[in-house]
Amino acid sequence: MAMPVFGVGDDPGTDFPRLLARIGAVPGPLPAGPIQGVPHATTCVALRYSDGVVMAGDRRATSGHLISHRSMEKVVQADRFSGVAIAGAAGPAVEMIRLFQVQLEYYEKVQGTALSLEGKANQLSAMVRANLPAAMQGLGVVPIFAGFDNRRGVGRLWDYDMLGGRYEEREFVATGSGSLHAGTVVKVGFRPGLDRSAAIELAARALWEAAEADSATGGPDMIRGIYPILATITADGWSTVGDAELAERYRDIIASAGEGIER
Amino acid sequence: MSMPFYVAPEQAMKDRADFARKGIARGRALVALRWRDGVVIVAENPSQSLRKVSEIYDRIAFAGVGKYNEFDQLRVAGIRAAELTGYQYSRDDVDARSLANDYAQLLGNAFTHGMKPMEVEILVAEVGLEPGVGDQIFHIMYDGTVVDHADTCVLGGDSEAIAARLAEGFTDGADLASAVKFGAKAIAGADRVVGPNDLEVAVLERGNGRRCFRRLDADEVTGIFEK
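Given the structure is predicted, the values throughout are model-derived calculations rather than measurements. (Residues numbered from 1 in each chain as written. Chains lettered and ligands numbered in written order. Predicted model: local features only at pLDDT ≥ 70, side-chain atom pairs only at ≥ 80, totals over all residues. Heavy atoms only, no water.)

Draft legend 1. Structural view of the packing of aromatic side chains. Taken as a whole and assessed by the stated rule, the structure comprises eight aromatic pairs over all chains. Relative to Tyr106(A), the ring of Phe16(A) has its centre 5.2 Å away and its plane inclined at 65°; by these criteria the two rings are edge-to-face. Here Phe16(A), found in helix 1 (residues 16-22), pairs with Tyr106(A), found in helix 2 (residues 90-111); they are 90 residues apart in sequence, far enough to count as distant. Tyr106(A) shares its class with Phe16(A); the two are buried. Ring geometry for Tyr68(B) versus Phe71(B): centroids 5.5 Å apart, planes at 75°, classification edge-to-face. With a gap of three residues between them, Tyr68(B) and Phe71(B) both fall in helix 2 (residues 68-88), about one helical turn apart. A relative accessible area of 3% places Phe71(B) in the buried class. What links up through ring pairs into an aromatic cluster is the set Phe16(A), Tyr106(A) and Tyr87(B). (Phe/Tyr/Trp six-rings, centres within 6.5 Å; stacked < 30°, edge-to-face > 60°. Helix = DSSP H or I, 4+ residues; strand = E, 2+ residues; numbered from the N terminus. Buried < 20%, exposed > 50% of the residue type's maximum accessible area, 1.4 Å probe, protein only.)

Here it is, written out as structure tokens:
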């Protein structure tokens, strides 16, 4: 590939999607009419705690009533201090995350400094908005964006609507088909200044309850050793919660769920 | 109507080369050398904000001397080429050799066809996955000539003298502190001292995660010289 060089005033600057458009590397338009039968990703939550934010998402993707993937990763690191969680059409969502990751790093390298956390949230908003034509055909993507704001020293959360509307939340957010159940669990259990362990416990339980009530949300898969993805973002950056810790927490949740059931 | 004077192609090329060389020699030098965990780039640069060394991709760094706006334009072009390849194919498909070739095409084209040649020399360095394998340093000249260096490389300044000092004292597998000090000493020579305040230092470091590039901040560089 020849090296792209642009004239002054004609330069796509720090905008990677615009660079792609300039070299003609954009997919063609979708055919008209609703598009069905493609995998959809579901439930994710994020909440603030004393050191930053916790993000969590189940691993299931469904096509209609069928399970299409058991180990999908819907909670993804965006850069050192932020992450995205997605619900909606899996294909466009994964592509959006990939473009978002590239854009953040591209900006940082070209500009010499990283975007502010709010700048990143705005950037994602533009990408969700760009997906609107596909959303109108049933391929909507509704992400959560969370990260640690180094300038303010706090964790921050945003949720989005399909039009690219961007809403900062103070305590927690939930998205996807199981968001009603997961969000309710977090809402009831949330206290300002939760510690890491309590925040992870709450997020894990929220996904458990969503999986109990929503067929499109996957629970912990003990047989295959596939657990929801949970991650924390603090002043030290992104850190994924290990499978061993999750296995232990879910064993406890399952044990407590079994109590009081007469056999 | 006046006729333009005939200029022999040899003379035209020589004039262009002299022009470019003069611009480059005015600037201060930078050196790149292999160390135990990768490649370190040490530049004499009193500015704390205008950078000569920067990150291109996961395992690739860029450095330039000469006219700032010109090598900065090349830096951004390199980031774009690398990110586009990585996005359209895979991050594994981005390598320093093809970047060096692309740079050579740009510089060579400007040298023969442009209004004026670019007054820059640049280097593209890549750190390999395993120690001793795949560490590469490419030096690209103002006319598009590419030279592949095994251990050390000098750009700008009194490059011949510095290259001789580097070749003489280079040791394989040096730790970071001694590599930085050795690089600074090679730039300075016998009758001059280049202190930490005049240096810009960055490394490509194996085992630093996906992004191997790391800039050493002022405190870290000062710390190296105090030891």
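Draft legend 2. Looking closely at the sheet that holds strand 2 (residues 44-49) of chain A. Residue and element names in this part refer to chain A. Read across the sheet, five strands follow the order 11-2-3-12-13 without closing on themselves; strand pairing throughout is antiparallel. Whereas interior strands pair on both sides, the edge strands pair on one side only; in this sheet they are strand 11 (172-175) and strand 13 (237-240). Neighbour to neighbour, the strand axes of the sheet diverge by 15° on average, direction disregarded. Where strand 3 (residues 52-57) lies against strand 12 (residues 229-234), five bridges are found, and the strand directions are antiparallel. Each residue of the ladder has a partner; that of Ala56, found in strand 12, is Leu230. (Pairing = 2+ DSSP bridges. Axes fitted to C-alpha atoms, helices over the stretch in contact; angles between N-to-C directions.)

Draft legend 3. Region of the structure containing the sheet that holds strand 7 (residues 146-149) of chain B. All names here are of chain B. Strand order in the open sheet formed by five strands is 3-4-5-6-7, with antiparallel pairing between adjacent strands. Only two strands of the sheet have a single neighbouring strand rather than two, namely strand 3 (53-57) and strand 7. If you compare each strand with its neighbour and ignore which way they point, the axes differ by 25° on average.

Draft legend 4. Region of interest: the state of the cysteines. Residue and element names in this part refer to chain B. Per the stated rule, a full pass over the model turns up zero disulfides over all chains. Here Cys212 is not disulfide-linked; the sulfur of Cys153 is the nearest cysteine sulfur, at 19 Å. Accessibility expressed as a relative area gives 1% for Cys212, which makes it buried. (Disulfide = S-S within 2.5 Å.)

Draft legend 5. Expanded view of the pattern of salt bridges. Tallying each qualifying case throughout the model produces 37 salt bridges over all chains. Residues Glu108(A) and Arg211(B) are paired through a salt bridge, measuring 3.2 Å at the closest nitrogen-oxygen approach. In this pair, Glu108(A) sits in helix 2 while Arg211(B) sits in the loop between strand 9 (199-205) and strand 10 (213-215), so the two residues belong to two different chains. A residue is classified by how much of its surface remains accessible, and Glu108(A), at 26% relative accessible area, is partly exposed. One salt bridge in this structure joins Glu83(B) and Lys109(A), with 2.8 Å as the shortest N-O distance. Of this pair, Glu83(B) sits in helix 2 while Lys109(A) sits in helix 2, on two different chains. One exposure class covers both Glu83(B) and Lys109(A), and it is buried. Salt bridges here are not isolated pairs; linked through shared partners, they connect Glu105(A), Glu108(A), Lys109(A), Glu55(B), Asp58(B), Glu83(B), Arg91(B), Arg210(B) and Arg211(B). (Salt bridge = Lys/Arg side-chain N within 4 Å of Asp/Glu carboxyl O.)

Draft legend 6. Representation of the environment of Leu123(B) in the model. All names here are of chain B. Tracing the sequence through the fold places Leu123 in strand 5 (residues 120-126). What makes Leu123 buried here is its relative accessible area of 0%. Considered as a pair, Leu123 and Phe225 are 102 residues apart in the sequence and their alpha carbons are 25 Å apart. What Leu123 contacts, discounting residues up to four positions off in sequence, is Leu30, Ala32, Ile41, Ala61, Phe62, Ala63, Ile137, Phe138, His139, Cys153 and Leu155. (Contact = heavy atoms within 4.5 Å.)

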